[in-house]
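# Architecture and fold: a report
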Amino acid sequence: MIIARSVDELRTILDAKNGSIGFVPTMGALHSGHRTLIDEARKCNDHVVVSIYVNPTQFLAGEDLSKYPRKEEADFKICELCSVDVLFYPQSMYENDEISIKAPNVRGYILEGASRPGHFDGMLTVVLKLLNAVRPTRAYFGKKDAQQLGLIQQMVSNFYLDVEIVPMETVRENDGLALSSRNVYLDEFQRKEALKISGALRKAVEMVMQKNTNAEEIQKAMAEILQPLDVEYVAIVTRRFEALNEVILGDTIILIAARVGTTRLIDNVWI
Ligand code: AMP
């Protein structure tokens, strides 16, 4: 595995390669969720590039960027074990006073975007930079960050980017908890409480399977399960993030954002 620490280094390495490139952008603290993205990239491409970069522009004022979990040594090992060809590990990706991408006014500022206004501007900006630096054939993103995935797909379409975006299923612990770099913040009690999030999503799926597709009733049942967590939102939307009164099979995402202690967790299910 070669480690590239700047875009110039990365380009020199990649310019010497022929064949398809699968790209997995991450913020590090790698877990099995990231690994499934890397494994899929490995399976379907000649070369695999993983980036690890904790992007400052997607953290808002007051969100503690310095506290984001960092596990350089373990991450390098995981990438090596997953047969990654090139690890892109830049120090910084910005200079002063740069041009940035603006997330769409509606889809970029509801749900996650309402809780974290400007977060998606920073996320899209760094993803565009990364896609232009790596020039991958395919880039892999998790459905766990459903709104992020949708906005990246929209950016690719709006800016005619030449890359295939590959959505990947959410990887969970055996008990249902969605894997997240933030799970390390949970103590034993909080980890149990956090199961209410996947539990509420399971309840929603059960209700739909029993032919109850009424969004209000589903949200009510979910809210009961989620008690006493500090819930930021429970939303039932189309794949384009328009609010739904009735679940539409094949075009629905049910999402939750909740705080367990001080840790903010998100999860969702695609129906
Ligand atoms: P992050 O390092 O949190 O920026 O995540 C990097 C990529 O991994 C994103 O595309 C995430 O959606 C994806 N990801 C994070 N957690 C999971 C998970 N539990 N299952 C599948 N993909 C995930």
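Everything below is about the structure printed above this text.
Residues numbered from 1 in each chain as written. Predicted model: local features only at pLDDT ≥ 70, side-chain atom pairs only at ≥ 80, totals over all residues. Heavy atoms only, no water.

## Quick notes on the sheet that holds strand S7 (residues 230-237)
Spatially, 3 strands are ordered S7-S8-S9 in an open sheet, and the strand pairing comes out antiparallel. Each edge of the open sheet is held by one strand with a lone partner, namely S7 and strand S9 (263-270). The mean angle between the axes of side-by-side strands here comes to 10 degrees, regardless of whether they run parallel or antiparallel. Across the sheet, helix H8 (residues 215-226) is in contact with S7 and strand S8 (253-260); its angle to S7 comes to roughly 155 degrees. (Pairing = 2+ DSSP bridges. Helix = DSSP H or I, 4+ residues; strand = E, 2+ residues; numbered from the N terminus. Axes fitted to C-alpha atoms, helices over the stretch in contact; angles between N-to-C directions. Contact = heavy atoms within 4.5 Å.)

## Looking at the site of the ligand
Taken together, 17 residues sit near the ligand, with Met 27, Gly 142, Asp 145, Val 171 and Leu 179 positioned nearest. Note that an oxygen atom of the ligand is positioned 2.9 Å from one of the backbone N or O atoms of Gly 142. In this structure, Asp 145 approaches the ligand through a side-chain N or O atom, which is 2.6 Å from an oxygen atom. Relative to its unbound accessible surface of 490 Å², the ligand loses 92% to contact with the protein. Listed by contribution, the elements that provide at least two residues to the shell around the ligand are strand S2 (21-26), helix H2 (32-44) and strand S5 (138-142). (Near = heavy atom within 4 Å. Polar contact = N/O pair within 3.5 Å; in protein donor to acceptor, adjacent residues only side chain to side chain. Areas by Shrake-Rupley, 256 points an atom, 1.4 Å probe, with all protein chains shown as cover.)

## Observations concerning the nonpolar core
Counting 33 residues, the largest nonpolar core has Leu 10, Val 49, Leu 124, Val 127, Ile 152 and Ile 165 as the members making the most contacts within it. Examining the composition of this core, we find that 10 residues originate from one element, helix H5 (residues 119-134), more than from any other. Dropping the residues within four chain positions of it, Val 127 is found in contact with Phe 141, Ile 152 and Met 155. In this structure, Met 207, Ala 221, Leu 226 and Leu 244 belong to the second largest nonpolar core, which totals 26 residues. (Core = buried A, V, L, I, M, F, W, Y, C linked by side-chain atoms within 4.5 Å. Buried < 20%, exposed > 50% of the residue type's maximum accessible area, 1.4 Å probe, protein only.)

## Things to note about the sheet that holds strand S1 (residues 2-4)
As summarised here, the arrangement of the 6 strands in space is S1-S4-S3-S2-S5-S6, forming an open sheet in which the pairing is parallel. The open sheet has two free edges, formed respectively by S1 and strand S6 (164-168), since each of these has just one partner strand. Direction aside, the axes of adjacent strands within the sheet are offset by 25 degrees on average. When S1 meets strand S4 (residues 86-88), the two strands line up parallel, connected through 3 bridges. Note on S4: the bridge partner recorded for Ala 4 is Phe 88. The sheet strands contacting H2 are S2, strand S3 (47-52), S5 and S6, and the helix crosses S5 at an angle near 155 degrees. Running over the sheet, H5 touches S2, S3, S4 and S5 and is turned about 150 degrees from S2.

## So, the pairing of S9
Within S9, 7 of the 8 residues are buried, leaving the element largely enclosed by the surrounding structure. Here S8 runs beside S9; their pairing, made up of 8 bridges, is antiparallel. Looking across to S9, one finds that Val 260 is bridged to Thr 263. Between S8 and S9, which pair antiparallel one after the other, the connecting turn spans 2 residues, and Gly 261 there sits at a positive phi close to 60 degrees.

## What about the layout of surface pockets?
In this structure, the second largest pocket encloses a volume near 290 Å³. Forming the boundary of the second largest pocket are 17 residues, of which Ile 52, Val 54, Arg 70, Tyr 89 and Pro 90 lie nearest the centre. (1 Å grid on protein atoms, 1.4 Å probe; cavity = no way out; pocket = protein on both sides within 12 Å on 5 of 7 lines; lining within 4 Å. Points joined across faces, edges and corners; volume = space filled by probe spheres on them.)

Just geometry here; none of it tells us what the structure is for.
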